[in-house]
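Residues per chain are reported as follows:
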Amino acid sequence: MDSLLIKGGVPLHGEVTISGAKNAVLPIMAATLLTAEPCVIHRVPDLSDVKFMGEILTSLGATVSFNGGTFKVQTRKIKDVGDYDLIRKMRGSVCIMGPLLGRLRHATVSLPGGCIIGARPINLHLKGFEALGAKISVESGYVHARARKLAGADVFLGGRAGSTVLGTANVMMAAALADGVTRIESAACEPEVVDLANFLNTMGARIIGAGSPTITVTGVKTLHGAEHEVIPDRIEAATYALAAAATDGEVTLLGARPDHLHAVLDKLRDAGVKVARNGTALTVSRNGRLKPVDITTLPYSGFPTDVQAQMMVLMTLTPGISIITERIFESRFMHVSELARLGADIEIEGPSAIVKGGKPLSGAPVMASDLRASAALVIAGLAARGSTQVNRVYHLDRGYEDIDGKLRRLGARIERVEET
Ligand code: EPU
């Protein structure tokens, strides 16, 4: 197993190109199962989750190739039974259910269990499939969805923490090949949902309203092959912006979408970080002293839960008290105990973390627990004095393309070593 060894205290400087969005590309790859014709997807990040999804598609009968950021896929004949061990390993694979149901009228996936950031149920996905006419059953850890006929319907996807991103994707994909009109209310508004809808429309689907809480899908008989470029990863962009601010450097993000980053950029400015925009290039540096800010994670266009851990690191470096409240996932504070090893002073009170910031961090060995927690630990290591070893880097490789290479090119002293 690899770990990252970081010698901290070096301000990051230079330019970094933002990769394609992990959370957009996974459902888009799944959507290619909806057609027997070839699909070509560009700006695909080289991530272990992408590799996994490619293997899942292959196990369902697809022929795939991945070269230089371009993923080519064709599923002439689709199998109804994939490699369930593979499907079980990656929670994001739940989004193959919608396409399987749409194309085959039945789908079986292993029931995704809880994960380190919370219970992560799929009740809303299943509610959507039922509304379209599917019968749902759970047997021996597998969820089966079967429909003699898929018919458009009104589907309400609001849940405890707002809508569901992959649930909206799943219902949209199944509804694309249903008979009649489906209206999804309380749909997720995330840019990744819009990117998927754009891809589906290029395949011949009839979807309007993506990006708003009401999405209307008029079912069509078949979908055809399509070519698409994935949106840039707003979470990766935010992560590098926070690394620049935390190390008191100056980094230009190339190819980001500032219009997907309003909530993060707004909080960065409140925290005393300068963000200068030149087209799609964003240059991030500190603007005098850092100031504490309070943050609550919310569905888009609110502050993203996927940036909560990284923002917490900046607040540990900021004199004063910041309160960070997590409203999307119930146990997404696994990074707090690891940040404490570097000297951070953070208390958890219910859904909130109270950060008493301003003390300098000093390097220590830490353990990555999930993708974004790991990114936070890397930022903390870059800002800390001395050496930090971040273990279990495979979490980072799920969602950040070439993170150590990109950081090294920004001047970070970081190397990948065998875990000791
Ligand atoms: N929820 C339900 N029932 C459901 C589905 C979700 O109650 O059927 C709840 C969840 O427990 C959670 C909330 O609704 O409290 C939101 O979950 P959502 O379904 O939107 O999450 P997801 O679609 O499973 C995607 C991203 C996550 C990101 C969330 C929220 C992918 C592959 N994953 O997950 O990304 O945090 O949306 O924005 O798109 C990450 O990249 O690190 C990551 C975890």
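First, a word on scope: everything that follows refers to the structure included in this document. (Residues numbered from 1 in each chain as written. Predicted model: local features only at pLDDT ≥ 70, side-chain atom pairs only at ≥ 80, totals over all residues. Heavy atoms only, no water.)

Structural notes on the overall build of the chain
Reasoning step 1: When you go through the chain residue by residue, the secondary structure sums to 14 helices and 23 strands.
Reasoning step 2: In terms of overall dimensions, the chain is globule-like: its C-alpha atoms have a radius of gyration of 21 Å, near the 22 Å expected for 420 residues.
Reasoning step 3: When its C-alpha atoms are laid out on the principal axes, the chain stretches across 60 × 45 × 40 Å.
Reasoning step 4: Residue burial in the chain is summarised as follows: out of 420 residues, 58% are buried.
Reasoning step 5: If you sum the accessible surface of the chain, you get close to 16200 Å²; carbon and sulfur atoms cover 51% of it.
Reasoning step 6: Side chains of the chain carry 46 positive and 42 negative charges; the gap between the two charge centres is 3 Å. (Helix = DSSP H or I, 4+ residues; strand = E, 2+ residues; numbered from the N terminus. Rg over C-alpha atoms; globule rule 2.2 N^0.38 Å. Buried < 20%, exposed > 50% of the residue type's maximum accessible area, 1.4 Å probe, protein only. Areas by Shrake-Rupley, 256 points an atom, 1.4 Å probe, with all protein chains shown as cover. Lys, Arg positive; Asp, Glu negative; His and termini not counted. Charge placed at Lys NZ, Arg CZ, Asp CG, Glu CD.)

Quick notes on the side chain of Asn-391
Reasoning step 1: Residue placement: Asn-391 occurs in strand E22 (residues 387–391).
Reasoning step 2: Its relative accessible area of 13% is what places Asn-391 among the buried residues.
Reasoning step 3: A distance of 3.4 Å separates polar atoms of two side chains, one belonging to Asn-391 and the other to Gln-389.
Reasoning step 4: Once you skip the residues sitting within four places of it in the chain, Asn-391 turns out to touch Ser-3, Val-366, Met-367, Ala-368 and Glu-419. (Polar contact = N/O pair within 3.5 Å; in protein donor to acceptor, adjacent residues only side chain to side chain. Contact = heavy atoms within 4.5 Å.)

Observations regarding the site of the ligand
Reasoning step 1: Around the ligand, 23 residues are found, and the nearest of them are Asn-123, Leu-124, Thr-164, Asp-306 and Ile-328.
Reasoning step 2: The side chain of Thr-164 places a nitrogen or oxygen atom 2.6 Å from an oxygen atom of the ligand.
Reasoning step 3: In this structure, Arg-372 approaches the ligand through a side-chain N or O atom, which is 2.8 Å from an oxygen atom.
Reasoning step 4: For the ligand, whose accessible area on its own is 830 Å², the fraction buried by protein is 93%.
Reasoning step 5: Those elements giving two or more residues to the shell around the ligand turn out to be helix H1 (22–31), helix H5 (123–131), helix H6 (165–176) and helix H12 (371–383).
Reasoning step 6: Looking at the shell around the ligand, the element that brings in the most residues is H5, giving three residues.
Reasoning step 7: Across the shell around the ligand, the residue classes tally to 10 nonpolar, six polar and seven charged. (Near = heavy atom within 4 Å. Nonpolar A, V, L, I, M, F, W, Y, C, P; charged D, E, K, R; others polar.)

Some thoughts on the packing of H6 against helix H7 (residues 191–202)
Reasoning step 1: In contact at an axis separation of 10 Å, H6 and H7 are set at 15° when each is read in the N-to-C sense. Our classification of the angle between H6 and H7 gives roughly parallel. With respect to the hand of their crossing, H6 and H7 are arranged in right-handed fashion. Here Val-165, Thr-168, Ala-169, Met-172 and Met-173 of H6 lie close against H7, whose contacting residues are Val-193, Leu-196, Ala-197 and Leu-200.
Reasoning step 2: Counted by class, the contact of H6 with H7 contains eight nonpolar, one polar and no charged residues. (Axes fitted to C-alpha atoms, helices over the stretch in contact; angles between N-to-C directions. Parallel < 35°, antiparallel > 145°, perpendicular 65-115°, else oblique. Left-handed = near helix turned anticlockwise from the far one by under 90°.)

Observations regarding the nonpolar core
Reasoning step 1: Ranked by internal contacts, the top residues of the largest apolar core, which has 75 residues, are Met-53, Ile-96, Met-172 and Leu-200.
Reasoning step 2: The element contributing the most residues to this core is H6, with eight residues.
Reasoning step 3: Contacts of Leu-200, omitting those with residues within four sequence positions, involve Ala-31, Leu-34, Met-172, Met-173, Ala-205, Ile-207 and Leu-223.
Reasoning step 4: Grouped together as the second largest cluster of nonpolar side chains are 71 residues, Leu-261, Val-273, Leu-314 and Ala-353 included. (Core = buried A, V, L, I, M, F, W, Y, C linked by side-chain atoms within 4.5 Å.)

Structural notes on the sheet that holds strand E4 (residues 63–67)
Reasoning step 1: Taking strand neighbours across the sheet as the criterion, the four strands line up as E4-E5-E3-E13 in an open arrangement whose pairing is mixed. Each end of this open sheet is capped by a strand with a single partner; those strands are E4 and strand E13 (227–229). Strand-to-strand twist of the sheet, defined as the mean angle between neighbouring strand axes without regard to direction, takes the value 15°.
Reasoning step 2: In this fold helix H2 (residues 48–59) packs onto E4 and strand E5 (70–74), with an angle of close to 160° to the strand it touches most, E4. (Pairing = 2+ DSSP bridges.)

Re the sheet that holds strand E23 (residues 413–418)
Reasoning step 1: Reading across from one edge, E21-E22-E1-E23 is the order of the four strands in this open sheet, with mixed pairing throughout. Each of the sheet's edge strands pairs with one partner strand only, and the pair in question is strand E21 (365–367) and E23. Strand-to-strand twist across the sheet, computed as the mean angle between neighbouring axes with direction ignored, equals 25°.
Reasoning step 2: As judged from the four bridges shared by strand E1 (residues 2–7) and E22, these two strands associate in the antiparallel manner. Following the sheet pairing, Leu-5 is matched in E22 by Gln-389.

What about the pattern of salt bridges?
Reasoning step 1: Under the definition given, this model contains 19 salt bridges.
Reasoning step 2: We note a salt bridge from Asp-2 to Arg-416, for which the minimum N-O separation is 3.4 Å. Taken as a pair, Asp-2 in strand E1 and Arg-416 in strand E23 lie far apart in primary sequence, 414 residues in all.
Reasoning step 3: In this structure, Arg-43 and Glu-229 form a salt bridge, with 3.2 Å as the shortest nitrogen-oxygen distance. You can see Arg-43 sitting in the loop between strand E3 (39–42) and H2 and its partner Glu-229 sitting in strand E13, a full 186 residues away along the chain.
Reasoning step 4: Assessed through its relative accessible area of 30%, Arg-43 is described here as partly exposed.
Reasoning step 5: Taking relative accessible area as the criterion, Glu-229 reaches 48% and is therefore assigned partly exposed. (Salt bridge = Lys/Arg side-chain N within 4 Å of Asp/Glu carboxyl O.)

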